[in-house]
Amino acid sequence: MRTAVKPVRQIRAAFRHECSSYLSNISRRRNCLADSNLSVTRRPACTYDFGRYAISTLLISRALSTGAAKVSNNEDLGRAGPLVEYERRISASELVDGDLCQVGTLRELQRLYDELVESADACRLDRYATSEKAGRSRWLWSRFIPQTSCSPVKGLYLYGGVGTGKTMLMDLFFDQLPCNWRKKRIHFHDFMLNVHSRLQKHRGVADPLEVVAGEISDESILLCLDEFMVTDVADALILNRLFRQLFANGVVLVATSNRAPDNLYEGGLQRDLFLPFISTLKERCIVHEIGSSVDYRKKTSAKEGFYFVGTDLSDFLKEKFQELVGDSAPVPQEVPLGANGCAYFSFEELCNRPLGAADYFGLCKSFHTLALDGVPIFGLHNRTSAYRFVTLVDVMYENKARLLCTAEGSPYQLFERVVTISDAQQMAPRTSSRSRKSDDLDLCVDNELGFAKDRTISRLTEMNSKEYLGHHAATVAGKQIPEESSTVDAVRA
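Remember, it's a predicted structure, so these values are computed and weren't measured experimentally. (Residues numbered from 1 in each chain as written. Predicted model: local features only at pLDDT ≥ 70, side-chain atom pairs only at ≥ 80, totals over all residues. Heavy atoms only, no water.)

### Quick look at the sheet that holds strand 4 (residues 252-257)
Within the open sheet, the five strands sit side by side as 2-3-4-1-5. Their pairing is parallel. The open sheet terminates on both sides in strands that have one partner only, identified here as strand 2 (183-187) and strand 5 (285-290). The sheet shows a mean angle of 10 degrees between the axes of neighbouring strands, direction not considered. Those strands touched by helix 4 (residues 100-118) are strand 1 (155-160), strand 3 (222-226), strand 4 and strand 5, and its axis lies near 160 degrees from that of strand 5. Lying on the sheet, helix 10 (residues 275-284) is in contact with strand 1, strand 4 and strand 5; it crosses strand 5 at an angle near 90 degrees. (Pairing = 2+ DSSP bridges. Helix = DSSP H or I, 4+ residues; strand = E, 2+ residues; numbered from the N terminus. Axes fitted to C-alpha atoms, helices over the stretch in contact; angles between N-to-C directions. Contact = heavy atoms within 4.5 Å.)

### Focus on the pairing of strand 3
Most of strand 3 is tucked away, with five of its five residues classed as buried. On strand 3, burial covers both faces: Leu-222, Cys-224 and Asp-226 on one face and Leu-223 and Leu-225 on the other are all buried. In this structure, strand 2 lies alongside strand 3, joined through five bridges in parallel fashion. The partner of Lys-184 across the bridge, within strand 3, is Leu-223. Here strand 3 runs beside strand 4; their pairing, made up of four bridges, is parallel. The residue bridging Leu-223 from the neighbouring strand is Leu-253, located in strand 4. (Buried < 20%, exposed > 50% of the residue type's maximum accessible area, 1.4 Å probe, protein only.)

### What about the environment of Leu-253?
Inspection of the secondary structure puts Leu-253 in strand 4. It is 9.4 Å that separates the C-alpha atoms of Leu-253 and Phe-243, two residues lying 10 residues apart in sequence. Dropping the residues within four chain positions of it, Leu-253 is found in contact with Gly-155, Leu-156, Leu-223, Leu-225, Phe-243, Phe-247, Leu-281 and Cys-285.

### Structural notes on the nonpolar core
Grouped together as the largest cluster of nonpolar side chains are 42 residues, with contacts concentrated most on Leu-372, Val-375, Phe-378, Phe-389 and Leu-414. At the level of secondary structure, the elements contributing two or more residues to this core comprise strand 8 (342-346), helix 12 (347-351), helix 13 (357-366), strand 9 (369-375), helix 14 (383-398), strand 10 (402-407), helix 17 (447-463) and helix 18 (466-478). Sort the elements by how many residues they give to this core and helix 14 lands first, with eight residues. Apart from the residues within four sequence positions on either side, Val-375 is in contact with Phe-347, Phe-389, Cys-405, Thr-406, Ala-407, Glu-408 and Leu-414. Val-212, Ala-236, Leu-246 and Ala-255 belong to the second-largest nonpolar core, a separate cluster that totals 34 residues. (Core = buried A, V, L, I, M, F, W, Y, C linked by side-chain atoms within 4.5 Å.)

### Remarks on helix 17
Count 3.6 residues to each turn of an α-helix, and residues three or four apart come out pointing the same way. Here helix 17 contains 17 residues, and its C-alpha end-to-end distance of 25 Å stays within 8% of the 24 Å for a straight helix at 1.5 Å per residue. The sharpest bend along helix 17 measures roughly 25 degrees and falls at Lys-453. At the N-terminal boundary of helix 17, the capping side chain belongs to Asp-446, with an oxygen 3.1 Å from the backbone nitrogen of Glu-448. (Expected span 1.5 Å × (residues − 1). Bend = angle between axes of the 7 residues up to and from the residue. Polar contact = N/O pair within 3.5 Å; in protein donor to acceptor, adjacent residues only side chain to side chain.)

### Focus: the sheet that holds strand 7 (residues 338-339)
The pairing of strands in a sheet happens through backbone hydrogen bonds and is either parallel or antiparallel. Taken in spatial order, the five strands make up an open sheet running 6-10-9-8-7, and their pairing is mixed. One side of each edge strand has no neighbouring strand; the edge strands of this open sheet are strand 6 (307-309) and strand 7.

### Topic: the environment of Tyr-159
Along the chain, Tyr-159 turns up in strand 1. Given the relative accessible area of 17%, Tyr-159 is considered buried. Spatially, the C-alpha atoms of Tyr-159 and Arg-259 are 5.8 Å apart, while their sequence positions differ by 100 residues. Residue contacts for Tyr-159: discarding those within four places in its chain leaves Lys-166, Ser-257, Arg-259, Ala-260, Pro-261, Val-287, His-288, Glu-289 and Ile-290. One polar contact links Tyr-159 to Glu-289, side chain to side chain, over a distance of 3.4 Å.

### Topic: the pairing of strand 1
Across the six residues that make up strand 1, a large majority, six, are buried. Judged by which residues are buried, strand 1 turns out to be covered on both faces: Gly-155, Tyr-157 and Tyr-159 on one side and Leu-156, Leu-158 and Gly-160 on the other are all buried. Judged from the six bridges that link them, strand 1 and strand 5 form a sheet pairing that is parallel. Note on strand 5: the bridge partner recorded for Leu-156 is Ile-286. Sheet topology places strand 1 next to strand 4; four bridges connect them, and they run parallel. Across the sheet, Leu-158 pairs through a bridge with Thr-256, a residue of strand 4.

By themselves, these observations are geometric and do not establish any function.
Shown next, in the form of structure tokens:
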């Protein structure tokens, strides 16, 4: 009798351990769902009815439960995803009905969503599928035994004109992804800053780029990059090796850009070394053009906002700035004014000095509102400052920051002298009646800046719309932005 009882006790102990592990996994997924439900607009694609789980259910083997999960996922295909959510928001009047080009792009995103859900296990998307220890062990073994495991699902590269809704559509796609997936949505500027920071951290390693690619892929198998634009030679030289390694590690890329892959880094230094990246990108991503010519940013209601055109408006801008600051005392006059989440700078301080995206990201983390005095008309003489201004607007837009500025012209007039090579070639040739004296000597022929200017004009228009400013006010009211005078000092130093 005792010999019979002993095996039974062992089975019961093993069963209790199995149940405890199973319930722990359910609890972690439940907590993840609870966190995602805090947002009204974000509806998690993974839903579980925990009330159905009873002790008798736990008697089913893992093999059967895994099979049931796959059937459930397949049944949910087509009932969740970006296209479904888009239609819901249109019905609820939360979005303006888009054009056929947007709907066609949403079908591509829905197709990718369905493929990812169906191949979630093969793509290793579930962060809870393997333990941290197993992940570290896998990384250790890969140091000795090189492994290549490209994803069975290809990514998506979306490109099109400014204001056609690329960012909105990608965010719509990202917000519908299951909360337990290894995923990240980040602006391309911020992504590259993070890559360079990691490379600095791993200096001295035999191949730091491989280590960085391993870290990124361990954190995020699905990588969504907004505003993919290559202008820096340092970025151009490492992108091919970085993404070849990321794709080999199974990363799926979803990217938005104003430019087709073949036009990336056009005219850049040592572009021949960048061309292999374009081939790699087209091999691992389906390229889709958003053919819409509608700029939805320009359909917003307000026409002026806090964008003031004219000269000698410094005193006027400071009055507006003081109205926003309210009773809070700004910092002393010898440094730029800053209080209550707002900071005041001249154009020279932010765009005529050697600052970059990292500096602007730092400002936006400390201040929700920037006042910029004296934005000039851009041309050949201040081309570098124009690049910095474009980057500043990109970073502010990405962080939903508010901009007060005085400028010498409207957003369109600021960039009227900046043209692409093709635009310059279409200009009227010299004739006997049109001599060299008629040329605009300050004309700036620059492909990258010529493409970027349309995005900047569009974003400046939206940032001064009633809708954008209303959203900003609601966001600021919901959180308190700490004052960081040290950040101002650092930028001024």
